[in-house]
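# Descriptive structure summary
Given next are the chains, with one letter for each unit.
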Amino acid sequence: MKILVVGNGGREHALVWKIRQSLLVKEVYCAPGNAGIAELADCVPIDTTNIVEVADFAQTIKADLTVVGPELPMVLGVGDEFRRRGMPIFCPSRAAAEIEGSKAFAREFMQRHRIPSPRYEICSSPEEANAFLERAPFGYPVVVKADGLAAGKGTIVAQSASEAKDAVSQIMSEKKFGSAGAKVVMEEFLRGEEVSFLVFSDGSRVVPMISVQDHKRLGDGDTGPNTGGMGTVAPSTNMSLDVHKQIMQEIILPTIKGLDAEGRRYQGVLYAGLMMTDAGPRVLEYNARFGDPETQVIMMRMKSDLVPVLKGVAEGQLGDAKMEWTKEPAICVVLAAGGYPGEADTGKEVKGLPALKGVPELQVFHAATAVRDGKVVTVGGRVLGVTAMGQNLDAAVQRAYDAAGKIHFDGMQYRKDIGQKALARLHPSR
Ligand code: AMP
Ligand code: GLY
């Protein structure tokens, strides 16, 4: 098979790495890719938001399957463009991807289908939003969300009315997130630990992946601003078999069924971002795609061939596919550029990578990297995802941090506590 992967992040490097291992695959292309992906695939400089250009390229190379990583081309309808041309693609339709594209749509959908969620209210003007914040029916903190895609930055946890009003003004008046500012969703602030729960769905059948814990805040101990994700651990150690079953029955299956019933048949990865509250799991958000850096640890632990599952989803026929996973846990530590999650300091040379090639149970997945004058340099916020497995979580943590310590670029920042919460739960007496 010939496979085209769309995207340029750590998630796409992990997908390309896993797809390359399939005996079914002869050629892999990536649009546009990064310095790490270029070692495994033919990278082509295509603007992935130009969905016609992406489809034209797939048609020219006669791709047997195209796999889409990021949300933007999904929400712009790249899946529909391919299906219209009769070309196979792993990507939900535009209508199905709206569960990620619009937070207001997603919340109303959850309410219609009684999917456990926080209380919320949708406000369509700054006046309405400010009146809501005066009434403060959910108290403070309150969560203020821009309605559309905002590159993971449109959610603000506001501690007070004045912070919340600031957020409303940035989103709705200053239009900091563009058209995502037409509406805001106000949400009750939920307490607990977060879990990323990802499944494959062909529209009716569902195959769950392993659960993952992401670390969203920039700083150790979950402090500082929200980011796209600073590190992941798999499995998430706060998930029992019973809770797993509950999530499938109360959240995942009703979502897939509900979307189908509303004419939005869901073919792709469904990613539910959950808060594990004392009253049970609640949906914080849906994503219509693989998570980043969730995918890095998921691919590391996936024993099965990924390609038949991707193909089954694309064809709407997962059959009775089951996935096998390694017993060894995995962690991913994100190395970010100075300035991230604000404006990233780019163009810095990345040193120390060659010595880490071929180390067993270790993969340094590239995200924002490019090759310039024969050197690997940083080109964005999240630069690398140092991903390691180990016999146990301690060993995985040690391996990942040993490797992270050997990499250097100016301004490099990373969390030192990825995996510590999970370890504390495994060894309460330490
Ligand atoms: P989202 O943009 O919906 O992915 O939210 C980003 C992050 O904000 C989540 O990963 C949580 O850490 C936090 N968050 C979102 N919604 C809530 C909520 N209702 N209660 C508490 N934290 C939330
Ligand atoms: N790591 C969070 C996300 O992919 O949205």
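All values derive from a computational prediction rather than experimental measurement. (Residues numbered from 1 in each chain as written. Chains lettered and ligands numbered in written order. Predicted model: local features only at pLDDT ≥ 70, side-chain atom pairs only at ≥ 80, totals over all residues. Heavy atoms only, no water.)

So, about the overall build of the protein chain. Each helix and strand counted, the protein chain has 13 helices and 22 strands in total. Taken over the C-alpha trace, the protein chain has a radius of gyration of 21 Å; the compact-globule value for 430 residues is 22 Å, and the two agree within 12%. For the protein chain, the spread of C-alpha atoms along the principal axes amounts to about 60 × 50 × 45 Å. Evaluated residue by residue, the protein chain yields a buried proportion of 56% over its 430 residues. As displayed, the protein chain has an accessible area near 17,700 Å², and 49% of this comes from carbon and sulfur atoms. (Helix = DSSP H or I, 4+ residues; strand = E, 2+ residues; numbered from the N terminus. Rg over C-alpha atoms; globule rule 2.2 N^0.38 Å. Buried < 20%, exposed > 50% of the residue type's maximum accessible area, 1.4 Å probe, protein only. Areas by Shrake-Rupley, 256 points an atom, 1.4 Å probe, with all protein chains shown as cover.)

Here we take up the sheet that holds strand 8 (residues 155–158). Spatially, four strands are ordered 6-9-7-8 in an open sheet, and the strand pairing comes out antiparallel. A strand with exactly one partner marks an edge of an open sheet, and here the two such strands are strand 6 (120–123) and strand 8. Each neighbouring strand pair of the sheet contributes to a mean axis angle of 20°, computed without reference to strand direction. Sheet analysis places strand 6 next to strand 9 (residues 184–188), joined by four bridges and oriented antiparallel. Considered in strand 9, the bridge of Cys-123 is made with Val-184. Contacts from helix 6 (residues 103–112) reach strand 6, strand 7 (142–146), strand 8 and strand 9 within the one sheet, and its direction differs from that of strand 6 by about 140°. Running over the sheet, helix 8 (residues 161–173) touches strand 6, strand 7, strand 8 and strand 9 and is turned about 5° from strand 7. (Pairing = 2+ DSSP bridges. Axes fitted to C-alpha atoms, helices over the stretch in contact; angles between N-to-C directions. Contact = heavy atoms within 4.5 Å.)

Let us now look at the site of ligand 1. Near ligand 1 lie 15 residues; those nearest to it are Thr-155, Leu-190, Glu-194, Lys-216 and Glu-285. Taking Glu-194, its side chain carries an N or O atom lying 2.4 Å from an oxygen atom of ligand 1. (Near = heavy atom within 4 Å. Polar contact = N/O pair within 3.5 Å; in protein donor to acceptor, adjacent residues only side chain to side chain.)

To continue, consider the environment of Val-52. Within the secondary structure, Val-52 is located in helix 2 (residues 51–61). Along the backbone, Val-52 and Met-300 are 248 residues apart, and their C-alpha atoms lie at a distance of 32 Å. Setting aside residues up to four positions removed in sequence, Val-52 forms contacts with Glu-81 and Arg-85.

The four strands lie next to each other as 11-10-16-17, forming an open sheet whose pairing is antiparallel. Each end of this open sheet is capped by a strand with a single partner; those strands are strand 11 (206–208) and strand 17 (280–287). Between one strand axis and the next, the sheet turns through 35° on average, direction left out of account. Here three bridges tie strand 10 (residues 193–202) to strand 11, and the two strands are oriented antiparallel to one another. Of the residues in strand 11, the one forming a bridge with Phe-200 is Val-207. Along the sheet, helix 9 (residues 241–261) makes contact with strand 10, strand 11, strand 16 (267–277) and strand 17, crossing strand 16 at roughly 130°.

Inspection of the sheet shows strand 20 (residues 369–372) paired to strand 21 (residues 375–378) by four bridges, in the antiparallel sense. Counterpart to Arg-372 in the pairing with strand 21 is Lys-375. The antiparallel pairing of strand 20 with strand 21 creates a hairpin that spans two residues between the two strands, and Asp-373 there sits at a positive phi of about 50°.

So, about helix 7 (residues 126–135). Those residues of helix 7 that sit buried are Ala-129, Phe-132 and Leu-133. Taken around the axis of helix 7, the buried residues stretch over an arc of 100°, which confines them to a single face. Along helix 7, the residues that are exposed and aim more than 90 degrees away from the buried face are Glu-127, Glu-134 and Arg-135. Considering only its buried residues, helix 7 is in contact with strand 6, strand 7, helix 8 and strand 9. Count one or two residues on from helix 7 and you reach Ala-136, which has phi positive near 45°. (Arc of directions from axis to C-beta.)

Read these as geometric descriptors, not functional statements.
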